[in-house]
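Per-entry structural report
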Amino acid sequence: METKDIATPSRTKALLAQYGFDFKKSLGQNFLIDVNIINNIIDASQIDDETGVIEIGPGMGSLTEQLAKNAKKVVAFEIDQRLIPVLNDTLAPYDNVTVINEDILKADVAQYVEQHLSNCKRIMVVANLPYYITTPILLNLMQQSLPIDGYVVMMQKEVGERLNAQVGTKAYGSLSIVAQYYTETSTVLTVPKSVFLPPPNVDSIVVKLMQRSKPIVNVDDEEQFFRLTKAAFSQRRKTINNNYQSLFVNGKKLKAKIGEWLKSSDIEPTRRGETLAIEEFATLYNNLEKFPELQF
Ligand code: SAM
C-alpha cells in the first residue's frame, strides 16, 4: 500500500493521534496540509539533484518529504524535541535527509553546511518558517556570509510585503533595505489560512530571495549603514533631518550641519525616509566621511 503524502489532512491527523502530539503556539507550529502549495514552493526553488537544501522547522516532515524527493541532500533544523521521533518515522524512506534538533538561531549553520552540503552545486533555504522569528532567522542567515544561493520561504504576509517593498510604498522600510541589499526579492504566491493545521491568525505569503553576487551598493561597514537607514524610519512621519537629529551625537545642535550633509548628497532635508532608495542611503552614508562632526 502506498503511503499518503504527509501534507494531507488525513495523514497529518493520523500522525498527531499516533504520537499524541499537541501544537505549541509559542513555537509557531502551523503544519501544511496541502501538497499543491508545497509543489508551488518546490517549483519556485528550482531544486534538482545537485541542490542542497537547508530547511528550518520541518515539523512532521510535510515539506521535507517533497524536498527529499527533489534535492540532493536536505539538512533540517527542528527545535522541538517531541518531533524528532515523528520525523525519524515519516522520513525513514529518504536517506538524503539529516534532521538536527537545534534552535536555528543558535546552531552553527556554517559547520553543518560544510559537513553535509559541501558537495552540492547550489544551496537553497526552503521553509515554512516559524512566524514569530521570521526576521531574525533571515537576517541571521543573510549576514553570516554562508554559501547560500537563495531562499524560498513562507511567512506572515505583512512581513513578506515589507521584504519585497519598493521605495515610496507604505511597506518600505529598513527591513526592505537589508533584504534587498543582499538579495533580489519577489513574491511567489499568497496562501490562505485553510492550508494549515491549525490555521494561523494571519495570512501567509511565499517569498523568493535570490542572493546577489555582490551587495546592491558599496559601503565599508554594513552594520553602521543599516543603523543609518533604520534611523531614517524611526518616526515615519518625521522628515529625515528630524530623524537624524535623534541619531547623531548632539544632533539637535547639529541641525544645520545635517542639512548641509543631506544637501551635499542631493537629498532635500524635508523628505521622509520612505522616499529614499537604497542607492541614496548609500550616497548619504559614503558622504559622512566629509562631515566628521556627524558621529553616531
Ligand atoms: N515545515 C512544517 C510544515 O510546513 O508543516 C512545519 C512548519 S511550522 C510553521 C514551524 C516549525 O518550526 C515548527 O515545527 C516548529 O517547531 C519549528 N521551530 C520553531 N522555532 C524554531 C527554531 N528556533 N529553530 C528551529 N525550528 C523551530
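The structure displayed is predicted, hence computed values, not measured ones.

Turning next to the nonpolar core. Across soluble globular proteins, you tend to see nonpolar side chains buried next to one another. F225, L228, Y244, F248, W261 and F281 are the most contacted members of the largest nonpolar core, which totals 66 residues. Sorting elements by how many residues they give to this core places helix α8 (residues 174-182) first, with six residues. Counting residues domain by domain, this core receives three or more from each of domain 1 (9-211) and domain 2 (222-290). Y244 has contacts with L228, T229, A231, A232, I258, W261, L262, F281 and L284, leaving out every residue within four places of it along the chain.

Right, let's talk about the pattern of salt bridges for a bit. Evaluated as defined, the whole model comprises nine salt bridges. One salt bridge connects R82 with D80, and the closest N-O pair in it is separated by 2.7 Å. Judged by relative accessible area, R82 falls into the partly exposed class, the value being 31%. On the accessibility criterion, D80 (4% relative accessible area) is buried. Note that K257 is salt-bridged to E293, the shortest N-O span being 3.6 Å. On the criterion of sequence distance, the pair formed by K257 in helix α11 (residues 255-264) and E293 in the segment after α12 (278-287) is long-range, its members being 36 residues apart. Its relative accessible area of 23% is what places K257 among the partly exposed residues. In this structure E293 comes out as partly exposed when scored by relative accessible area, which is 37%.

So, on to the site of the ligand. Taken together, 24 residues sit near the ligand, with L32, G57, S62, E78 and N128 positioned nearest. Contact between the ligand and E78: an oxygen atom at 2.6 Å from a side-chain N or O atom of the residue. Considered on its own, the ligand offers 590 Å² of accessible surface; in the complex 99% of this is hidden by protein. Looking at the shell around the ligand residue by residue, the classes come out as 12 nonpolar, seven polar and five charged.

Time to look at helix α5 (residues 109-117). Residues separated by three or four positions in an α-helix point in the same direction, a consequence of the helix having 3.6 residues per turn. Within α5, burial applies to V109, Y112, V113, H116 and L117. Summarising the axial view, the buried residues of α5 lie within an arc of 105°, below the 170-degree limit, and thus occupy one face. Those residues of α5 that are buried are in contact with β2 (51-56), β3 (73-77), β4 (97-100), β5 (122-128) and α6 (134-142).

For the structure shown, the criterion picks out 16 aromatic pairs. Ring centres of Y181 and Y182 lie 4.8 Å apart, and the angle between their planes is 90°; this geometry places the pair in the edge-to-face category. Here Y182 falls in the buried class, since its relative accessible area comes to 6%. Plain terms: the ring middles of F225 and F226 are 5.7 Å apart, the flat faces sit at 50° to each other, and that makes the pair tilted. An aromatic cluster of three or more residues is present, and its members are Y181, Y182, F225, F226 and Y285.

This next bit is on the UniProt feature "binding site: S-adenosyl-L-methionine" (unreviewed entry) in the protein chain. Following the UniProt record, one finds the feature "binding site: S-adenosyl-L-methionine" (unreviewed entry) at N30, L32, G57, E78, D103 and N128. Position of N30 among the secondary structure elements: in the loop between α1 (9-19) and β1 (31-32). Once residues lying within four places of it in the same chain are set aside, the contact partners of N30 are N128, F196, L197, P198, P199 and P200. Note that N128 resides in strand β5. For N128, a relative accessible area of 13% gives the class buried.

What follows concerns the domain arrangement of the protein chain. Considered domain by domain, the protein chain is made up of domain 1 (9-211) and domain 2 (222-290). At the junction of the two partners, domain 1 supplies 13 residues and domain 2 supplies 14 residues. Note on domain 1 versus domain 2: buried area summed over both sides is about 1,000 Å², and carbon and sulfur give 66% of it. Inspection of the region where domain 1 meets domain 2 yields zero salt bridges. In terms of residue class, the side of domain 1 that touches domain 2 is built from six nonpolar, six polar and one charged.

This brings us to α12. Along α12, the positions that sit buried rather than exposed are I278, F281, A282, L284, Y285 and N287. Looking at the packing, one finds that the buried side of α12 touches α8, α9 (222-231), α10 (240-247) and α11.

This brings us to the UniProt feature "domain: Ribosomal RNA adenine methylase transferase N-terminal" (unreviewed entry) in the protein chain. Residues given the UniProt feature "domain: Ribosomal RNA adenine methylase transferase N-terminal" (unreviewed entry) here are residues 37-213. End C-alpha atoms of residues 37-213 are separated by 29 Å, and the span's content is 33% helix alongside 27% strand.

Scoring rules and cut-offs
- Residues numbered from 1 in each chain as written.
- Predicted model: local features only at pLDDT ≥ 70, side-chain atom pairs only at ≥ 80, totals over all residues.
- Heavy atoms only, no water.
- Core = buried A, V, L, I, M, F, W, Y, C linked by side-chain atoms within 4.5 Å.
- Buried < 20%, exposed > 50% of the residue type's maximum accessible area, 1.4 Å probe, protein only.
- Helix = DSSP H or I, 4+ residues; strand = E, 2+ residues; numbered from the N terminus.
- Domains from an automatic or database assignment.
- Contact = heavy atoms within 4.5 Å.
- Salt bridge = Lys/Arg side-chain N within 4 Å of Asp/Glu carboxyl O.
- Near = heavy atom within 4 Å.
- Polar contact = N/O pair within 3.5 Å; in protein donor to acceptor, adjacent residues only side chain to side chain.
- Areas by Shrake-Rupley, 256 points an atom, 1.4 Å probe, with all protein chains shown as cover.
- Nonpolar A, V, L, I, M, F, W, Y, C, P; charged D, E, K, R; others polar.
- Arc of directions from axis to C-beta.
- Phe/Tyr/Trp six-rings, centres within 6.5 Å; stacked < 30°, edge-to-face > 60°.
- UniProt positions renumbered as here; feature names shortened; annotations may be inferred.
- Buried area = accessible area lost by both parts, 1.4 Å probe.

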